[in-house]
Amino acid sequence: MPLIIVTGLPTSGKSHRAQQLHSYLSERIASSPENNKYRLHLISDETQSISREVYDLSTLPQHVRSANASEKDARASIYAAVKRVLSPRDIVILDGLNYIKGWRYQLYTEAKNLATPSVILQIGCAVDKAKEVNEKEGMRYSKENWENLVFRYEEPNPMTRWDSPLFTLIWEDNEQEARGTFEKIWDTIAGEGKVIVKPNQSTVQRDKDPGGEYLYLLEKETQDIVKRILERQNEVGEGGSVDLGEGLVVELPGKKVGLPQLQRYRRAFVGMNRGGIGLEMVGKVQGGRLRSSFAGYLNDAFEKDG
């Protein structure tokens with residue numbers, strides 16, 4: 001079953017809506033023997049004992065803010081918690097800021113690897129209202145932290161695969177309106193409108209023909225991605241996102257990436273996958289599959305590098 005990613009501004013009501021959604025899905029699962037096969041999980045900063053202070057960049061110099069280690073460690077904890085329970089039988093509600101599009105892409109890829117869909121629930125709230133809530137609730141985020149998170153928030157774009165299907169609830173929506181949105185989500189994940197997801201291409205066995213076309217594509221596609229990153233790096237900046245097209249995004253680390261480092265990653269990836277000829281690799285020879293796999297490899301490597 002799918003991953004439901006809740007996103008929105010800080011103090012916009014995300015946790016309240018996530019709890020409402022959890023209650024609704026619990027009712028649906030208990031409503032019939034057919035639905036009892038599903039298991040429901042709610043994962044959040046709170047369930048992982050993650051402090052809001054990990055997102056506070058106000059004390060960090062500008063040039064290292066995109067490489068905030070505490071925030072990356074928090075995301076790693078969340079990611080591990082999602083991976084532990086996500087399966088075709090499990091519905092996972094991920095409550096949190098989830099404000100970085102590259103992070104949402106990473107979660108989308110994890111769900112796709114398991115042939116299960118992911119959907120986005122965006123909580124819409126006016127900035128002034130969210131700020132008022134933060135102040136009324138005893139400054140759950142410090143003023144500087146809250147303002148920085150609002151500035152960095154990357155709104156979901158339903159035109160991209162990792163931000164769709166996209167459902168929205170606004171602050172003013174009452175319980176009945178919220179329930180209507182939850183019904184649409186249920187239909188998408190378990191009803192007549194259920195999204196069918198094919199396994200991620202990197203998990204499909206490739207044909208046992210070790211022909212030269214595969215090796216040619218392996219070299220060509222990885223070189224093209226390296227070239228694209230080098231071309232776009234100065235434009236997007238350190239810690240920015242490089243769009244590779246077809247829904248693929250590489251999140252750069254908080255420091256400049258040079259050609260030697262990229263080529264080192266490329267050679268390691270090619271070496272691993274060259275050895276997979278005739279065994280388990282990327283399905284029938286298709287460049288898109290190789291690009292997706294290499295992009296995921298780079299995102300993991302950059303995440304570890306910080």
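This text goes with the structure placed above it.
In this text the structure is predicted, and so the values were computed from the model without any measurement.

Draft legend 1. Structural context of the overall build of the protein. Secondary structure summary: the protein contains nine helices and seven strands in total. A burial count over the protein gives 47% of its 306 residues as buried. Looking at the protein alone, contacts between residues at least 24 apart form 78% of all its contacts between residues at least 6 apart. When the accessible surface of the protein is split by element, carbon and sulfur atoms take 49% of a total near 15100 Å².

Draft legend 2. Just the packing of helix H4 (residues 127–136) against helix H5 (residues 143–152), in detail. Running from amino to carboxyl end, H4 crosses H5 at an angle of 155°, the nearest separation of the two axes being 11 Å. When the axes of H4 and H5 are compared, the pair comes out roughly antiparallel. Taken as a pair, H4 and H5 cross one another with a handedness that is right-handed. Residue-level contacts link Val127, Ala130, Lys131 and Asn134 of H4 to Trp146, Glu147 and Val150 of H5. Looking at side-chain class alone, the contact of H4 with H5 contains four nonpolar, one polar and two charged residues.

Draft legend 3. Molecular detail of the pattern of salt bridges. Tallied over the full model, the rule gives 14 salt bridges. Between Arg39 and Asp90 there is a salt bridge whose closest N-O contact spans 2.7 Å. Remark: Asp90 occurs in strand E3 (residues 90–95) and Arg39 occurs in strand E2 (residues 39–44); sequence separation between them is 51 residues. In this structure Arg39 comes out as partly exposed when scored by relative accessible area, which is 38%.

Draft legend 4. Quick peek at the pairing of strand E5 (residues 166–170). Along E5, the buried face is formed by Phe167 and Leu169; none of Leu166, Thr168 and Ile170, which line the opposite face, is buried. Alignment of strand E4 (residues 118–124) against E5, held across five bridges, turns out to be parallel. Paired with Gln122 across the strands is Thr168, a residue of E5.

Draft legend 5. Examining the packing of aromatic side chains more closely. As enumerated under the stated definition, the model contains nine aromatic pairs in all. Between Phe269 and Phe294, the aromatic rings sit 4.9 Å apart at their centres with planes inclined by 45°, giving tilted as the arrangement. Taken as a pair, Phe269 in helix H8 (residues 259–274) and Phe294 in helix H9 (residues 287–305) lie far apart in primary sequence, 25 residues in all. The exposure class of Phe269 is buried, given its relative accessible area of 2%. Connected via pairs of aromatic rings, a cluster forms that spans Tyr105, Tyr108 and Trp162. A cation over a ring is seen here: Arg52 above Tyr141, with NZ or CZ 5.4 Å from the ring centre.

Draft legend 6. Examining the nonpolar core more closely. Formed by 29 residues in total, the largest nonpolar core has its most connected members in Leu3, Ile43, Ile78, Val82, Leu94 and Leu107. Sorting the residues of this core by element identifies strand E1 (3–8), helix H2 (69–85), E3, helix H3 (101–113) and H5 as the ones contributing at least two each. The greatest single-element share of this core, amounting to five residues, is contributed by H2. Sequence-distant contacts of Val82, that is, excluding residues within four places in its chain, are made with Leu3, Ile43 and Leu94.

Conventions used here
- Residues numbered from 1 in each chain as written.
- Predicted model: local features only at pLDDT ≥ 70, side-chain atom pairs only at ≥ 80, totals over all residues.
- Heavy atoms only, no water.
- Helix = DSSP H or I, 4+ residues; strand = E, 2+ residues; numbered from the N terminus.
- Buried < 20%, exposed > 50% of the residue type's maximum accessible area, 1.4 Å probe, protein only.
- Contact = heavy atoms within 4.5 Å.
- Areas by Shrake-Rupley, 256 points an atom, 1.4 Å probe, with all protein chains shown as cover.
- Axes fitted to C-alpha atoms, helices over the stretch in contact; angles between N-to-C directions.
- Parallel < 35°, antiparallel > 145°, perpendicular 65-115°, else oblique.
- Left-handed = near helix turned anticlockwise from the far one by under 90°.
- Nonpolar A, V, L, I, M, F, W, Y, C, P; charged D, E, K, R; others polar.
- Salt bridge = Lys/Arg side-chain N within 4 Å of Asp/Glu carboxyl O.
- Pairing = 2+ DSSP bridges.
- Phe/Tyr/Trp six-rings, centres within 6.5 Å; stacked < 30°, edge-to-face > 60°.
- Lys NZ or Arg CZ within 6 Å of the ring centre and 35° of its normal.
- Core = buried A, V, L, I, M, F, W, Y, C linked by side-chain atoms within 4.5 Å.

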